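Summary of structural features
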Amino acid sequence: MARVFRWLVRLTTALLVLAVAAIALVYYFASRSLPDYSTTQQVAGIAAPVEIVRDTANVPHIFGQTNEDVYFALGYAHAQDRLWQMTMLRRTAQGRLSELFGERTLRIDEVLRRFDLYSVAVASVQVQDAETTAALAAYAEGVNAWLAEVNEGALGRGAPEMWLFNHAIAPWQPADSLALLKLMALDLTSNLEDEVLRARTSLLLSNERLADILPDDPTSAVVELPEYAALVPGVPDYTPNMRLASDPLSPFTLPALRGASNAWAATSERSATGSTLLANDPHLGLSAPSIWYLARLELETGGIIGGTIPGIPAVMVGRSDLLGWGLTSAYVDDQDIFIEEVNPDNPEEYRTTDGWQRFRTRDSIITVKDAPAVTLRLRWTVNGPVMPRSTYDLGTITPQGHVASVSWTALSDRDTSMSAALAINRARTVEEAISAGEGFIAPAMNLTLADRNRVGMKVIGALPARDPNHQSQGRLPSFGYLPENRWQGRFPYDQNPLVLDPEGGIIGNTNNKTTDRPFPNHITHLWGDTQRIQRWQGLMQAREVHTRDSFIEAQLDTVSFAARTLSALMGADLWFTGDPAPAGTPERRRQDALTLLAAWNGEMNEHLPEPLIYAAWTRAFQDRLIRDELGPLASEFTHVDPVLIERVLRDVDGAGVWCDVIQSAPVETCTDIARQALDDALIWVTETYGAAIEAVRWGDAHVAMHDHPVLGGTPILEWVVNIRQSTSGGDFTLNRARTSGEDPHPFRNVHGGAYRGVYDFADPDSSVFIISTGQSGHPLSRHYDNLGELWRRGEYIPMSLDPALARAGAVGVTVLEPR
């Protein structure tokens, strides 16, 4: 027995030693790709030495003698810290994910190939101005210089993920950067899904009830449109979903998670400092690492600093000494679906205004890991690429004998958006930046500007010109062979909305409605916000003058205007009612919850129970309102719509009828539905987060999900690569923290202001910024998540252009010398 025990001890010891050795070996190979920031390298492609000074937060401050050398070093720094992220974004745009991930991503690649984003990016390289062409080439050379260094120095293949997904990395090309900008446009638009959902819903509802559940901005009149069944006959009332399943690698996200952002600026008259102020926090999906990368570039026109996107050689949001610029999604209706009739006698032809015409076609081969290659026959009509029925649920609204094509501004092969972005970086005044924005095509954005004397906001991006007689005004799919439905080019840039030097001294946008212009000069029918703007207006008008700190306070505000409104309306007939009830009963639990909500001010604080009770209540309330009318289609409405609920509870245009369950004999009232929904919510909350309703926390449900897109779901590794944080805020707070809307964790925070910046032009170097994770994309780097906790707490880091300050606490200085 003793001998057996000794051998067991020896075996156990040997296994432990082997495990430790294996972990050490894995760490060694993974850590080989950690860059050395304190080094001197000789590289080809620069004219003179360049310095990359990394400050205490690992923000690179790049100093070179020419713009080309600075862009070279930016490409080098991006590749040092985010090589895996850059190659994945490029693969996504090219439709080549399946080479690494097999059949899992085949349908994603199929859609990207049909959009053909990469081909139009390649074509667009030829139309960039000379400065942009030089910048793109220099940036690509910088990325490739780091790739050469990785190969020559055996630096762990450049990123730890490369060990798990081994593949050759093609040299970076100028077209790759343009393709990433088009991929950003894909992330920020949802017009296709909106058209499909409106069409599907209109097949089940009257126009009056359609106006409730898919309302226009409440400040505008409802426009009467033809019913989709009359517009496009032959479509069944309901067809099950066909779209792609959710995948972290997919660039297609729910419309509710598409572009949102905040930006506002104050003139010197409304600033306590005597000069202008600007705040901006563009909202995108949360991930680890963040899509944003902070950088400072010392160009020939002066220094600029702000948020870049790895793979793109532009400071997308940021400032110089003289000018600040911020972006919010303009919500331009820049996509249309066309129903194309296929010739029943020749499937290679489709109907046009001049009769039958052949599809333009091209074959495309998708290489699939561990599976045979797939050949696609790509097809185009005069309106745009033909998309498969499974994409965007197009099959649910396309009659037999027809296909759906798509028009989209981002499909331009003469896209000068990159030239415009770099021209804005060089601008010195508001007027120069507005002029520079003329070449911007997609994604359409609100460009908020502040120099030391003026502030302004201009919509940049192509606005499709539609015929005033368009059958659906672009809100529903329409027949592509009718001339009145086709696009007629784009509106001139001077017709894009512009506000300069506002009379009240403050300008801002929370994706709210920016113009009252009627169709076809309307921008869009579907704006991105009706709630945050109410809170923002109150905060801005509460002070006669503002400071950097008051702008920060507004940027971090977590009071929900929607919560204040809806909780009062839903509880109007429930507050302090009912007979006394013993502890532990549903009646007592309901009374306790209402008592908590009655004293609540709408603050979505992570440490409070009220936000969780309210969020679960409104979600259950909306589901009870729409489930009986819409059936399975109700699951498409994943997020609460405050406008719908307010219309119902105020019985606007007869909307109170939603409260009656049409399948039941009794006539239910809105008070009945509110009470039942509250009980539903409390059961869910107590079963999920604990029986003591006063002890639950919003932050337990509202966890920020900074997940690694590839390794985030891998056991063990997920604990290394994912960043999870309890957070305040909600769907309708200025500090917007958009929830997933999907069971079993509908309130997880998956979309928010991953970049925040506040700029004070009385003292530009007192400006501040932050991103949601860290600068490095390497999970073993101390800079992988070091900024994340600051971001969660609402703190910032200095945004200074002072070289001495950057050097004083530098974590490393890289010197690049000409080879």
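Read on for an overview of the structure.

This paragraph deals with the nonpolar core. Ranked by size, the top nonpolar core spans 162 residues in total, and within it Phe 115, Trp 292, Leu 297, Trp 408, Tyr 755, Ile 797 and Leu 816 carry the most contacts. Counting residues per element, this core draws most heavily on helix 2 (residues 67–94), at 14 residues. The contact partners of Phe 115, leaving out residues within four places of it in the chain, are Leu 186, Leu 192, Phe 252, Pro 385, Met 387, Tyr 392, Val 406, Trp 408 and Leu 411. In this structure, Ile 213, Val 640, Val 648 and Val 685 belong to the second largest nonpolar core, which totals 50 residues.

This part covers the sheet that holds strand 20 (residues 478–479). Pairing is mixed in the open sheet, where six strands are placed in the order 13-14-15-16-10-20. One side of each edge strand has no neighbouring strand; the edge strands of this open sheet are strand 13 (360–366) and strand 20. This element, helix 4 (residues 106–115), spans strand 13, strand 14 (374–381), strand 15 (384–387) and strand 16 (402–408) of the sheet and lies at about 35 degrees to strand 14. Contacts from helix 9 (residues 191–202) reach strand 10 (335–341) and strand 16 within the one sheet, and its direction differs from that of strand 10 by about 55 degrees.

Before going further, it helps to spend a moment on the packing of helix 18 (residues 610–630) against helix 19 (residues 642–649). In the contact formed by helix 18 and helix 19, the axes pass within 11 Å of each other and the chain directions differ by 65 degrees. Regarding the angle of helix 18 to helix 19, the classification is roughly perpendicular. Where helix 18 crosses over helix 19, the two elements pack in a sense that is left-handed. Residues Thr 618, Phe 621, Gln 622, Leu 625 and Ile 626 of helix 18 lie in contact with helix 19, whose contacting residues are Leu 644, Ile 645, Val 648 and Leu 649. In terms of residue class, the contact of helix 18 with helix 19 is built from seven nonpolar, two polar and no charged.

We now examine the state of the cysteines. Evaluation of the coordinates by the stated rule reveals one disulfide. The residue that forms a disulfide with Cys 659 is Cys 670, at a sulfur-sulfur distance of 2.0 Å. Its torsion about the S-S bond being 95 degrees, the disulfide of Cys 659 and Cys 670 is classed as right-handed. Of this pair, Cys 659 sits in the loop between helix 19 and helix 20 (670–689) while Cys 670 sits in helix 20, placing them eleven residues apart in sequence. Exposure class is identical for Cys 659 and Cys 670. Each is buried.

Pairing is mixed in the open sheet, where eleven strands are placed in the order 1-31-2-3-6-7-8-9-17-18-22. Only two strands of the sheet have a single partner each, and these edge strands are strand 1 (39–43) and strand 22 (498–500). For this sheet the average axis-to-axis angle between neighbouring strands, irrespective of direction, equals 20 degrees. As defined by bridge partners, strand 2 (residues 50–54) adjoins strand 31 (residues 812–818) across five bridges and the pair is classed as antiparallel. Paired with Glu 51 across the bridge in strand 31 is Val 815. Along the sheet face, helix 2 touches strand 1, strand 2, strand 3 (60–63), strand 6 (293–299), strand 7 (302–308) and strand 31 and points at about 160 degrees away from the line of strand 6. Those strands touched by helix 12 (residues 417–426) are strand 7, strand 8 (315–320), strand 9 (323–329), strand 17 (445–451) and strand 18 (455–460), and its axis lies near 145 degrees from that of strand 9.

As a further point, take helix 8 (residues 174–188). The end-to-end C-alpha separation of helix 8 is 22 Å, in line with the 21 Å expected for 15 residues at 1.5 Å each. Within helix 8, 13 of the 15 residues are buried, leaving the element largely enclosed by the surrounding structure.

Looking now at empty space enclosed by the protein. Under the counting rule described, the total for this entry stands at seven cavities of 30 Å³ or more. Taken as a whole, the largest cavity holds about 180 Å³ of empty space. The element that contributes the greatest number of residues to the lining of the largest cavity is helix 18, accounting for four residues. Across the lining of the largest cavity, the residue classes tally to eight nonpolar, seven polar and two charged. Volume-wise, the second largest cavity comes out at about 130 Å³. Along its surface, the second largest cavity is lined by 17 residues, and Asp 81, Leu 83, Ala 159, Gly 777 and His 778 are the ones closest to its centre. Ranked by residues supplied to the lining of the second largest cavity, first place goes to helix 2 with six residues. Residues belonging to the lining of the second largest cavity are distributed by class as follows: six nonpolar, eight polar and three charged.

A word on the packing of helix 5 (residues 117–124) against helix 8. The geometry of helix 5 relative to helix 8 is characterised by a closest axis approach of 8 Å and an angle of 125 degrees between their N-to-C directions. Classified by the angle their axes make, helix 5 and helix 8 are oblique. The interaxial crossing formed by helix 5 with helix 8 has right-handed handedness. For the pair helix 5 and helix 8, the contacting residues are Leu 117, Tyr 118, Val 120, Ala 121, Val 122 and Ser 124 in the first and Ala 175, Asp 176, Leu 178, Ala 179 and Lys 182 in the second.

In this section: a nonpolar patch on the surface. Residues Leu 11, Leu 15 and Leu 18 make up a contiguous nonpolar surface patch of about 320 Å² in total accessible area. Topologically, Leu 18 is positioned in helix 1 (residues 2–31). Residue classification places Leu 18 among the exposed positions, given a relative accessible area of 57%.

Attention now goes to helix 5. The set of residues buried in helix 5 consists of Leu 117, Val 120, Ala 121 and Ser 124. With its buried residues spanning 105 degrees around the axis, helix 5 presents them on a single face. Elements in contact with the buried residues of helix 5: helix 2, helix 4, helix 8 and strand 16.

The subject of this paragraph is the pairing of strand 18. Along strand 18, six of the six residues are buried, which leaves the element largely enclosed by surrounding structure. Taking every second residue as pointing to the same face, both faces of strand 18 are buried, with Val 455, Met 457 and Val 459 on one and Gly 456, Lys 458 and Ile 460 on the other. Here six bridges tie strand 17 to strand 18, and the two strands are oriented antiparallel to one another. By the bridge assignment, Thr 448 is partnered in strand 18 with Met 457. From the end of strand 17 to the start of strand 18, which pair antiparallel, there are three residues. Looking at chain direction, strand 18 and strand 22 are connected through three bridges and run antiparallel. Within the sheet, the bridge partner assigned to Lys 458 lies in strand 22 and is Leu 498.

Cut-off values and rules
- Residues numbered from 1 in each chain as written.
- Predicted model: local features only at pLDDT ≥ 70, side-chain atom pairs only at ≥ 80, totals over all residues.
- Heavy atoms only, no water.
- Core = buried A, V, L, I, M, F, W, Y, C linked by side-chain atoms within 4.5 Å.
- Buried < 20%, exposed > 50% of the residue type's maximum accessible area, 1.4 Å probe, protein only.
- Helix = DSSP H or I, 4+ residues; strand = E, 2+ residues; numbered from the N terminus.
- Contact = heavy atoms within 4.5 Å.
- Pairing = 2+ DSSP bridges.
- Axes fitted to C-alpha atoms, helices over the stretch in contact; angles between N-to-C directions.
- Parallel < 35°, antiparallel > 145°, perpendicular 65-115°, else oblique.
- Left-handed = near helix turned anticlockwise from the far one by under 90°.
- Nonpolar A, V, L, I, M, F, W, Y, C, P; charged D, E, K, R; others polar.
- Disulfide = S-S within 2.5 Å.
- Expected span 1.5 Å × (residues − 1).
- 1 Å grid on protein atoms, 1.4 Å probe; cavity = no way out; pocket = protein on both sides within 12 Å on 5 of 7 lines; lining within 4 Å.
- Points joined across faces, edges and corners; volume = space filled by probe spheres on them.
- Patch = residues over 30% accessible without salt bridge, like charges linked within 9 Å, V, L, I, M, F, W, Y side chains within 5 Å.
- Areas by Shrake-Rupley, 256 points an atom, 1.4 Å probe, with all protein chains shown as cover.
- Salt bridge = Lys/Arg side-chain N within 4 Å of Asp/Glu carboxyl O.
- Arc of directions from axis to C-beta.

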